[in-house]
Amino acid sequence: MIANSRKPGGLAKVLGPFDLVLMGIGAIVGTGIFVLTGTGAVTAGPALTLSFVVAAIACGFAALCYAEFASTVPVAGSIYTYSYATLGELAAWMIGWDLLLEYGLATSAVSVGWSGYFQSLISGFGIHLPVELTAAPGALPGVTTFINLPALCIMLLLTAMLSLGVRESARVNNIMVVIKIGVVLLFILVGARHVTPANWQPFMPYGTNGMLSAAALVFFAFIGFDAVTSAAEEVKRPERDLPIGIIGSLAVCTVLYVIVSAIMTGIVPFKEFLGIDHPVTLALQRAGENWFAGFVDLGAILGMTTVILVMAYGQTRIIYAMSRDGLLPKRLSSVHPRFQTPFFATWLVGIVFGVLAAVVPLNVLNELVNIGTLAAFTLVSIAIVILRKKRPDLPRAFRCPGVPVIPALAVIFCVTLMAYLSWFTWVAFGVWLAIGLVIYFTYARKHSALN
């Protein structure tokens, strides 16, 4: 597997630690701060800050396991590759199949959120799209809509960018990340002056269950740091840079989430966030800082743009790795001779999930993305213990501390959060995995490189 990654004609090694930290922040800071904070506040109250901490701890334990794997097996494909190296082909296929759904639906869902903020921004300039082109069919009760045109357009635009080269995509991502972090920091500075501590009482109105339910919901806000590991083959010094990118981006985003959620619930009583899809803007409006609302809309748009960019990037690299192993058609691992990117796979992903964002209401699919991610984190935490037992001789530039205690804590936290997701999510996830099993035994197993 590692030998295959070193063959001539592969992916170009152009990324450094700064690129990876910003890539992780680009994937994480977006929907979490600008949308899910409102939903989480209604579920947990001011204890939303603790919900983010619990979700971050679960991610943190898993991140330490990811960092060891990424520095030991620097190959494209993220958790799929690590599972292949430790748990075998069938387990790797199932988790890769899981990740295809997780990353794809994440890009589609965020594209729909991006569309909403974009329409809000241009409406401030008196520009309004025909209502038929503003949302998927059935997404707006009582309104006839045909297609979410902005969501489709942003997916296709970012697909074109990714297909032309990872270095160029990373540069654009870095610029947008710096801008949106600046917007978040400005919100903190402006909003902190308007906090009313009385709004934090009662701090935990729905008890521990409410806090943990919100943690399971806002876990979506942390999805993205694992996408950093999918860039392994394009990193100049993966044994050093990947752990920096993973842990650094997660730490920065956790601090920002906790501070922003505390300020929001300190400005607006938590019950008033019910049904609000722009909670940060609402907080500023209640604080009388209307002049800054437009900047927040811009920050939200940039934030979601980078999330889509990085998640789409991660998905194409997982498909690339699975195809190279023979589990998917070989065409999907072909690299463009000029751009040095998996050109065909990139456009296939962009078109499929762009159309999905355009024609399917995705407001109920966040939980499905969460359960897929939590399952992936659980598996990588188990796999790190297995690899330590099977291959203690492998050189490890970064070693997860406290094995097997840290991996065990990661499993406990992730499984606990999964238990707070709805039964519908479990059923839908089970159906998707069943489809994956059928494809494995009818196609992938026969064409596998191992076979």
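This text gives an overview of the structure that appears in the document. (Residues numbered from 1 in each chain as written. Predicted model: local features only at pLDDT ≥ 70, side-chain atom pairs only at ≥ 80, totals over all residues. Heavy atoms only, no water.)

1. Quick word on the overall build of the chain
The following threshold applies: For the purposes of this entry, the term helix denotes a DSSP run of H or I that reaches at least four residues, the term strand denotes a run of E that reaches at least two, and both are numbered from the N terminus. For the radius of gyration, the atom set is restricted to C-alpha positions; the globular benchmark scales as 2.2 Å times the number of residues to the power 0.38. Exposure categories follow from relative accessible area, calculated using a 1.4 Å probe and restricted to protein chains: below 20% of the type maximum is buried, above 50% is exposed, and the middle band is partly exposed. The contact rule is simple, with two residues in contact once any of their heavy atoms fall within 4.5 Å. Surface accessibility in these figures is a Shrake-Rupley result with a 1.4 Å probe; residues are shielded only by whichever protein chains are displayed.
Counting its secondary structure elements, the chain contains 16 helices and 0 strands. Computed over C-alpha atoms, the radius of gyration of the chain comes to 21 Å, within 12% of the 22 Å expected from 2.2 N^0.38 for 451 residues, which places it in the range of a compact globule. Principal-axis analysis of the C-alpha atoms gives the chain an extent of 65 × 50 × 40 Å. Scored against the burial criterion, the 451 residues of the chain give a buried share of 58%. For the chain, long-range pairs separated by at least 24 residues make up 83% of all intrachain contacts whose partners lie at least 6 apart in sequence. Roughly 17,000 Å² of accessible area belongs to the chain as shown, and the carbon and sulfur atoms make up 70% of that amount.

2. Topic: the packing of aromatic side chains
This is how it is decided: Any two rings among Phe, Tyr and Trp, with Trp reduced to its six-membered ring, count as a pair given centres within 6.5 Å; such a pair is stacked if its planes are under 30 degrees apart, edge-to-face if over 60, and tilted if neither.
Across all of its chains, the model carries 13 aromatic pairs by this definition. With 5.6 Å between their ring centres and 65 degrees between their planes, F61 and F413 make a pair best called edge-to-face. On the criterion of sequence distance, the pair formed by F61 in helix α4 (residues 48–72) and F413 in helix α15 (residues 405–419) is long-range, its members being 352 residues apart. Look at F61 and you get buried, because its relative accessible area is 16%. By the ring-pair criterion, three or more aromatic residues cluster together here, those being W93, W97, W432, Y440 and F441.

3. Section: the nonpolar core
To be explicit about the condition: Residue types Ala, Val, Leu, Ile, Met, Phe, Trp, Tyr and Cys, when buried and joined through side-chain atoms within 4.5 Å, form a set referred to as a nonpolar core.
One finds I33, F34, Y66, W93, F187 and F225 to be the most contacted residues of the largest nonpolar core, which totals 134 residues. Per element, the largest residue contribution to this core is 16 residues, and it comes from α4.

4. Considering helix α16 (residues 423–447)
Since one α-helical turn is 3.6 residues long, residues separated by three or four positions face the same way. Worth spelling out the cut-off: Expected helix span is computed as 1.5 Å times (number of residues minus one).
Across its 25 residues, α16 extends 35 Å between first and last C-alpha, which sits within 8% of the 36 Å expected from 1.5 Å per residue. Those residues of α16 that are buried lie in contact with α6 (89–123) and α14 (366–390).

5. What to know about the environment of F398
Note that F398 resides in the loop between α14 and α15. Distance from F398 to A70, taken between C-alpha atoms, is 8.7 Å for residues 328 residues apart in sequence.

6. So, a nonpolar patch on the surface
What counts is decided by this rule: Note that patches include only residues with greater than 30% relative accessible area and no salt bridge, and the join distances are 9 Å for like charges and 5 Å for nonpolar side chains (Val, Leu, Ile, Met, Phe, Trp, Tyr). Put simply, a salt bridge is a Lys or Arg side-chain nitrogen that is within 4 Å of an Asp or Glu carboxyl oxygen.
A contiguous nonpolar surface patch, about 530 Å² in accessible area, is contributed by W423, F424, V427, V431 and I435. Looking at where V431 falls in the secondary structure, it is placed in helix α16. Assessed through its relative accessible area of 47%, V431 is described here as partly exposed.

7. A short note on unusual backbone geometry
Each neighbour pair has its own omega, and for Q201 with P202 the value is -5 degrees, a cis peptide bond. Inspection of the secondary structure assignment puts P202 in the loop between α8 (166–191) and α9 (207–218). Here V403 and P404 are connected by a cis peptide whose omega angle stands at 10 degrees. Position of P404 among the secondary structure elements: in the loop between α14 and α15.

8. Observations regarding the pattern of salt bridges
Counted according to the given criterion, the structure contains 4 salt bridges. Ionic pairing is found between R193 and E289, a salt bridge with its closest N-O pair at 3.1 Å. Of this pair, R193 sits in the loop between α8 and α9 while E289 sits in the loop between α11 (279–286) and α12 (293–324); the two residues are 96 residues apart in sequence, bridging distant segments of the chain.

9. Considerations on the packing of helix α3 (residues 31–44) against α9
Spelled out, the test is: Axis definition: a line fit to C-alpha positions, over the contact stretch in the case of helices; interaxial angles, taken between N-to-C directions, run 0 to 180 degrees. Small angles under 35 degrees read as roughly parallel and large ones over 145 as roughly antiparallel, with 65 to 115 read as roughly perpendicular and the rest as oblique. Helix crossings fall into two classes, left-handed where the near helix is turned counterclockwise from the far one by less than a right angle and right-handed where it is turned clockwise. In this count, Pro and Cys sit with the nonpolar residues alongside Ala, Val, Leu, Ile, Met, Phe, Trp and Tyr, while Asp, Glu, Lys and Arg are called charged and the others, Gly among them, polar.
Where α3 contacts α9, the two axes come as close as 8 Å, and the packing angle between them is 160 degrees. Compared by their axis directions, α3 and α9 come out roughly antiparallel. In terms of crossing hand, the pair formed by α3 and α9 is right-handed. Between α3 and α9, the contacting residues are L36, T39, G40, T43 and A44 on the first element and G210, M211, S213, A214, L217 and V218 on the second. Counted by class, the contact of α3 with α9 contains 6 nonpolar, 5 polar and no charged residues.

10. Quick look at the state of the cysteines
Operational definition: Count a disulfide wherever a pair of cysteine sulfur atoms falls within 2.5 Å.
According to the stated counting rule, one finds 0 disulfides in the structure shown. C65 provides the cysteine sulfur closest to C400, a residue in no disulfide bond, and the two sulfurs are 4.1 Å apart. C400 sits in the buried class, given a relative accessible area of 3%.

These figures capture arrangement, not role.
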